[in-house]
Amino acid sequence: MTGHPAGETASAASYGDGTRAVRAGLPEPVKNEPPLPGPVFAAHFHLPGEVTGPYTYGRDTNPTWTLLERAIGELEAPGREDVDTIVFASGMAAVSAVLLSQARAGDTVVLPDDGYQALPLVREQLEAYGVHVRTAPTGGDAQLTVLEGARLLWIETPSNPGLDVCDVRRLVAAAHTAGTLVAVDNTLATPLGQRPLELGADFSVASGTKGLTGHGDLLLGYVACRDPELAAGVRRWRKIVGAVPGPMEAWLAHRSLATIQLRAERQWANARSVAEALAGRTEVTGLRYPGLTSDPSHQTAARQMSGFGSVVSFTLPDRAHAERFMSALRLVEDATSFGGVRSTAERRGRWGGDAVPEGFIRFSAGAEDPRDLVSDVIRALNQADSGA
Ligand SMILES: *Cc1c(COP(=O)(O)O)cnc(C)c1O
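Residues numbered from 1 in each chain as written. Predicted model: local features only at pLDDT ≥ 70, side-chain atom pairs only at ≥ 80, totals over all residues. Heavy atoms only, no water.

Going by an unreviewed UniProt entry, the protein chain carries the name Cystathionine gamma-lyase and comes from Streptomyces katrae. Taken verbatim from the UniProt record of the protein chain, the Cofactor (unreviewed entry) comment is "pyridoxal 5'-phosphate". Reading the Sequence similarities (unreviewed entry) entry of the UniProt record for the protein chain gives the comment "Belongs to the trans-sulfuration enzymes family." (UniProt positions renumbered as here; feature names shortened; annotations may be inferred.)

**Q** Help me out: how do you make sense of the nonpolar core in this one?
**A** Nonpolar side chains tend to gather and get buried jointly when the protein is soluble and globular. Formed by 52 residues in total, the largest nonpolar core has its most connected members in Phe 314, Phe 325 and Phe 363. Of all elements in the fold, only helix H3 (63–76), helix H9 (247–257), helix H10 (260–279), strand S9 (311–315), helix H12 (319–328), strand S12 (360–364) and helix H13 (370–385) reach the threshold of two or more residues within this core. For this core, the element with the most residues is H10, which contributes 8 residues. No fewer than three residues from each of domain 1 (10–257) and domain 2 (261–386) sit in this core. Apart from residues lying up to four places away in sequence, Phe 314 is in contact with Leu 278, Val 284, Thr 285, Gly 286, Leu 287, Phe 325, Gly 359, Phe 360, Ile 361 and Phe 363. (Core = buried A, V, L, I, M, F, W, Y, C linked by side-chain atoms within 4.5 Å. Buried < 20%, exposed > 50% of the residue type's maximum accessible area, 1.4 Å probe, protein only. Helix = DSSP H or I, 4+ residues; strand = E, 2+ residues; numbered from the N terminus. Domains from an automatic or database assignment. Contact = heavy atoms within 4.5 Å.)

**Q** What exactly am I supposed to notice about the confidence of the model for the protein chain here?
**A** Caution applies to low-pLDDT parts of the model: their predicted coordinates are not meant to be read in detail. Confidence along the protein chain averages 95 in pLDDT terms, with 97% of residues attaining 70 or more. Segment residues 1–8: pLDDT under 50, and 16 contacts once partners within four positions in sequence are set aside and those in other chains are kept. (pLDDT = per-residue confidence, 0-100.)

**Q** Help me understand the site of the ligand in this model?
**A** Close to the ligand lie 14 residues; Met 92, Asp 185, Ser 207, Thr 209 and Lys 210 are nearest. The contact in question runs from an oxygen atom of the ligand to an N or O atom on the backbone of Met 92, over 2.8 Å. Take Ser 207: an N or O atom from its side chain is 2.8 Å from an oxygen atom of the ligand. When isolated, the ligand has an accessible area of 380 Å², and the protein chains bury 94% of it. For the shell around the ligand, the residue count by class is 5 nonpolar, 6 polar and 3 charged. (Near = heavy atom within 4 Å. Polar contact = N/O pair within 3.5 Å; in protein donor to acceptor, adjacent residues only side chain to side chain. Areas by Shrake-Rupley, 256 points an atom, 1.4 Å probe, with all protein chains shown as cover. Nonpolar A, V, L, I, M, F, W, Y, C, P; charged D, E, K, R; others polar.)

**Q** Mind showing me how you'd approach the domain arrangement of the protein chain here?
**A** Structurally, the protein chain comprises domain 1 (10–257) and domain 2 (261–386). Relative to domain 2, the C-alpha centre of domain 1 lies at a distance of 27 Å. Contact with domain 1, which involves 32 residues of that partner, is made by 30 residues of domain 2. Three residues, Gln 117, Pro 161 and Leu 163, lead the burial of domain 1 against domain 2; their summed loss comes to 25% of the area buried on that side. At the surface where domain 1 touches domain 2, the tally comes to 2 salt bridges. Where Arg 303 meets Asp 167, a salt bridge forms, and the shortest distance between an N and an O atom there is 3.6 Å. Counting across the interface, domain 1 meets domain 2 through 13 residue pairs in polar contact (both at pLDDT 80 or more). Of the residues that constitute the side of domain 1 that touches domain 2, the class distribution is 13 nonpolar, 14 polar and 5 charged. (Buried area = accessible area lost by both parts, 1.4 Å probe. Salt bridge = Lys/Arg side-chain N within 4 Å of Asp/Glu carboxyl O.)

**Q** Please explain unusual backbone geometry as it appears in this structure.
**A** Backbone geometry follows two general trends: most residues other than glycine have a negative phi, and most peptide bonds adopt the trans configuration. Residues Thr 157 and Pro 158 are joined by a peptide bond in cis, for which omega reads -10°. Geometrically, the link from Asn 160 to Pro 161 is a cis peptide bond, its omega value of 10° lying close to zero. Despite not being glycine, Thr 190 has its phi angle at roughly 65°, a positive value. Checked against the element boundaries, Thr 190 lands in helix H7 (residues 190–193). Residue classification places Thr 190 among the buried positions, given a relative accessible area of 7%.

**Q** For this particular structure, what's the right way to read empty space enclosed by the protein?
**A** The probe, sized like a water molecule, is rolled over the atoms to show the empty space still left. Applying the stated criterion across every chain yields a total of 3 cavities of 30 Å³ or more. Taken as a whole, the largest cavity spans an internal volume of roughly 100 Å³. Taken together, 13 residues line the largest cavity, and the ones lying closest to its centre are Thr 190, Gly 211, Gln 267, Trp 268 and Ser 310. Counting residues per element, the lining of the largest cavity draws most heavily on H10, which supplies 5 residues. The residue makeup of the lining of the largest cavity, split by class, is 5 nonpolar, 7 polar and 1 charged. Summarising the domain contributions, the lining of the largest cavity has at least three residues from each of domain 1 (10–257) and domain 2 (261–386). (1 Å grid on protein atoms, 1.4 Å probe; cavity = no way out; pocket = protein on both sides within 12 Å on 5 of 7 lines; lining within 4 Å. Points joined across faces, edges and corners; volume = space filled by probe spheres on them.)

**Q** Could you clarify how one ought to interpret the sheet that holds strand S8 (residues 285–288) in this entry?
**A** Read across the open sheet, the 5 strands follow the order S8-S9-S12-S11-S10; overall the sheet is mixed. Of all the strands in the sheet, just S8 and strand S10 (333–334) have a single pairing partner and so form its edges. As defined by bridge partners, S10 adjoins strand S11 (residues 344–347) across 2 bridges and the pair is classed as parallel. Across the sheet, residue Asp 334 finds its bridge partner in S11, namely Ala 345. Relative to the sheet, H10 contacts S8, S9 and S12, its axis offset from that of S9 by approximately 15°. Docked against the sheet, H12 engages S9, S10, S11 and S12, running at close to 160° with respect to S11. (Pairing = 2+ DSSP bridges. Axes fitted to C-alpha atoms, helices over the stretch in contact; angles between N-to-C directions.)

Following this line, the structure appears as structure tokens:
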């Protein structure tokens, strides 16, 4: 087996996701060296004479990032050599890098009004710098109505935590006609569930903290981008603010990527099973999972996604009911975040900020055996319903 990804891109595009995932970003095999080299811990690199070569100083470049960036790029845009990926210390570092490096005073940026809970903080910062911000909901492609004259459109689909979906191709077409750049937050879907660059977006941006790495043990973010100039602006931003991932986190992330297809397949199937079980319950309202054919987002989601993610959202009658449900669960940890191999859930209203009912639950299906997970959820629902 040879196996240098760069020499294999033509066939890499035809491989399945599982094959691509286990080989993503691996360097050319070297006799007596490990297939995935260990993390390179270096603040600086030997640099005699002229400043040449890829590795000079640890805030600019690091060989462990290089391999991870290649790996993520291969998953975001299989077979395309023109994609540049830049890894960051966290998802928010990546989100801010795109928004703050692209928008200038006087520009207009369009954000979703139902997106990730830190977006309103970014909005405040953009406005403090003289950037105009407009918002509209994700559902119904409502951002189309506020695009005029915008420099950048920010899409989050499926949205977190409401799980609304918008038509990326349609929004991209309208935005590009108007000279507006498009960034898609791909955190929830992961590159296995959705490939924004193939749908026409200029940037695919995500938190690697969630389903991408899946073990809940590191923070990471990335930006993948086709245009070299746009990529250079994002890379420059990382260097200026120093929002760099540690080599250990980058290496752990790369190691975790090998199992992304296995994890995603199990977690998506589990999410669907949980959603189907919830659909039969009279105390559950507002059930959302884009993979359910009855979901309002399903048709749009099915046109642009190859998997519907691990997150299910629903509402129990009130706060006390939701709290009884949460404490009755045994296999599902009460925690924020999502996409990990251990199921988690939370009563989202405890944070404030998101416009959700008091009984709203965001549920993230892990990689447990489906029978065990579904029976745990049903048992907890029964217990919560009986008032215990
Ligand atoms: C978690 C999350 C982020 C931020 O990622 P961090 O790694 O926590 O900084 C951004 N967007 C979405 C949709 C998220 O769920």
